[in-house]
Amino acid sequence: MSKLLRGSSSLIALIVAGCAKERAPFDPREFQQDERGSSSEILPREKQPLPTTLQSPFLPATTQNTTQPIVVPATGPAIGVEPTVRISLREVVQRAVANNLDVRVEGYSPAIEQTRVVEAEARFDPAFFTTAQFEDRDDPFGGSSSILGESVATSGEAQIFTLRSGVRQVLPSGAEVELRYQVQHNDLLSASSDVFAPTLVNRTYWENELALQITQPLLRDFGVATNRARIEVARNNQRISLLDFRRQLETTVGEIEEVYWTLVQAMEDVAIQEELLSDTLATAKLLFNRRFEDVSRVQISQANASVEIRRAGLIRARARVRDL
């Protein structure tokens, strides 16, 4: 009876467990169903036949049991096919210095600073000046004028023409020296000396003046060092620009020499790679001719692989020459 009860309880437990559905575990392949379904729409490409060890693009076509043409690699012409112009390092440097834009731009700076030096020095150059002035007076109240050192009453009508000319210059000490000559023509109406019957008399006379004037500041702009500071600054800037130009020139020449000798080394590497490829081809041809004697297919495959490696190295060396 107890066995029957235990069996029935086990059966009930299994039924209850089967009724309670558990969630399926995470399956990452469910996310790939779309890709798998769309992959059937893409048509696969036709597979190329596998080459045998006796078919090598590096060996002559007459030694192979095939009429397949040799494919020329799309790496450009070989070194020596295109026109070559050989020039010396001195000519390379000369052409680069004459046509390099960076050097040309830096070469303008010393000339600009030299012009600024001349501009600063021009502050002490003498200056010639000329001024002309015409004055027409009409004063109804009259006035007085000095004629030959005497004060004369005038009617207020006068015409005065003044011409002034001279030279002035700023000295390094800050003083300003001016030498001028002035001529003045006066045409005015003045009262006569007759006390009982005064009349107006037209008086015309000339005045000449020669003057030398020196103005020396005592505080601002006083001293030679202060007034020549602009010149010294301009000269220092010129030296700096000249050194910058020289640095740019030396940098450019250094880069040219580095590239030149790197190109020479790269061309030597091309010659070495060509010689290695030629020797490797000779070895591969020798092994191919002895394929029915004592050379296995593995050795021929290894020789072909070596030829491939040598040819790849030659292509890289030629590409480096073109880049340089």
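Our structure is the block above this text.
Residues numbered from 1 in each chain as written. Predicted model: local features only at pLDDT ≥ 70, side-chain atom pairs only at ≥ 80, totals over all residues. Heavy atoms only, no water.

Next up on the list: the overall build of the protein chain. Across its full length, the protein chain holds 7 helices and 5 strands. A buried classification covers 20% of the 324 residues belonging to the protein chain. Taking the intrachain contacts of the protein chain between residues at least 6 apart in sequence as the baseline, contacts between residues at least 24 apart amount to 68%. Element-wise, carbon and sulfur atoms account for 57% of the exposed surface of the protein chain, whose accessible area totals about 24800 Å². (Helix = DSSP H or I, 4+ residues; strand = E, 2+ residues; numbered from the N terminus. Buried < 20%, exposed > 50% of the residue type's maximum accessible area, 1.4 Å probe, protein only. Contact = heavy atoms within 4.5 Å. Areas by Shrake-Rupley, 256 points an atom, 1.4 Å probe, with all protein chains shown as cover.)

Below, the discussion takes up the packing of aromatic side chains. Summed over all chains, the structure comprises 1 aromatic pair. Looking at Arg123, its charged tip hangs above the ring of Phe124, at a distance of 5.6 Å from the centre. In this structure, Arg291 packs its charged tip against the face of Phe288, placed 4.2 Å from the ring centre. (Phe/Tyr/Trp six-rings, centres within 6.5 Å; stacked < 30°, edge-to-face > 60°. Lys NZ or Arg CZ within 6 Å of the ring centre and 35° of its normal.)

Looking now at the pattern of salt bridges. Counted under the stated rule, the structure contains 11 salt bridges. Here Arg235 ties to Glu121 by a salt bridge, and the two come within 2.7 Å at their closest N and O atoms. You can see Arg235 sitting in helix H6 (residues 229–289) and its partner Glu121 sitting in helix H4 (residues 101–121), a full 114 residues away along the chain. Overall, the relative accessible area of 30% leaves Glu121 in the partly exposed class. We note a salt bridge from Arg290 to Asp294, for which the minimum N-O separation is 2.4 Å. (Salt bridge = Lys/Arg side-chain N within 4 Å of Asp/Glu carboxyl O.)

Okay, the nonpolar core next. Counting residues in hydrophobic clusters, the biggest one holds 9 residues: Ala266, Val270, Leu277, Ala284, Ala303, Val307, Leu314, Ala317 and Val321. Looking at this core, the elements that each hand over two or more residues are H6 and helix H7 (297–323). Among the elements that line this core, the one with the most residues is H7, at 5 residues. One finds Val93, Ala96, Val253 and Ile256 within the second-largest nonpolar core, a separate group that totals 5 residues. (Core = buried A, V, L, I, M, F, W, Y, C linked by side-chain atoms within 4.5 Å.)

Moving on to a nonpolar patch on the surface. Where nonpolar side chains cluster on the molecular surface, the patch consists of Leu179, Tyr181, Leu210, Leu212 and Ile214 and spans about 570 Å² of accessible area. Contributions of two or more residues to the nonpolar patch are made by strand S4 (176–191) and strand S5 (200–215). Among the elements that take part in the nonpolar patch, S5 stands out by supplying 3 residues, more than any other. (Patch = residues over 30% accessible without salt bridge, like charges linked within 9 Å, V, L, I, M, F, W, Y side chains within 5 Å.)

Right, let's talk about the environment of Ala312 for a bit. The residue Ala312 is located in helix H7 in this model. Overall, Ala312 belongs to the partly exposed group, its relative accessible area being 28%. Expressed as a C-alpha distance, the spacing of Ala312 and Gln273, which sit 39 residues apart in the sequence, is 9.5 Å.

This part is about the environment of Val321. Looking at the secondary structure, you find Val321 in helix H7. Val321 sits in the buried class, given a relative accessible area of 13%. Remark: the alpha-carbon pair of Val321 and Met267, spanning 54 residues in sequence, is separated by 6.5 Å.

Axis separation between H6 and H7 bottoms out at 9 Å; the angle between their running directions is 160°. Judged by the angle between their axes, H6 and H7 are roughly antiparallel. As H6 packs across H7, the resulting crossing turns out to be left-handed. Looking at the contact of H6 with H7 residue by residue, the class counts come to 16 nonpolar, 6 polar and 6 charged. (Axes fitted to C-alpha atoms, helices over the stretch in contact; angles between N-to-C directions. Parallel < 35°, antiparallel > 145°, perpendicular 65-115°, else oblique. Left-handed = near helix turned anticlockwise from the far one by under 90°. Nonpolar A, V, L, I, M, F, W, Y, C, P; charged D, E, K, R; others polar.)

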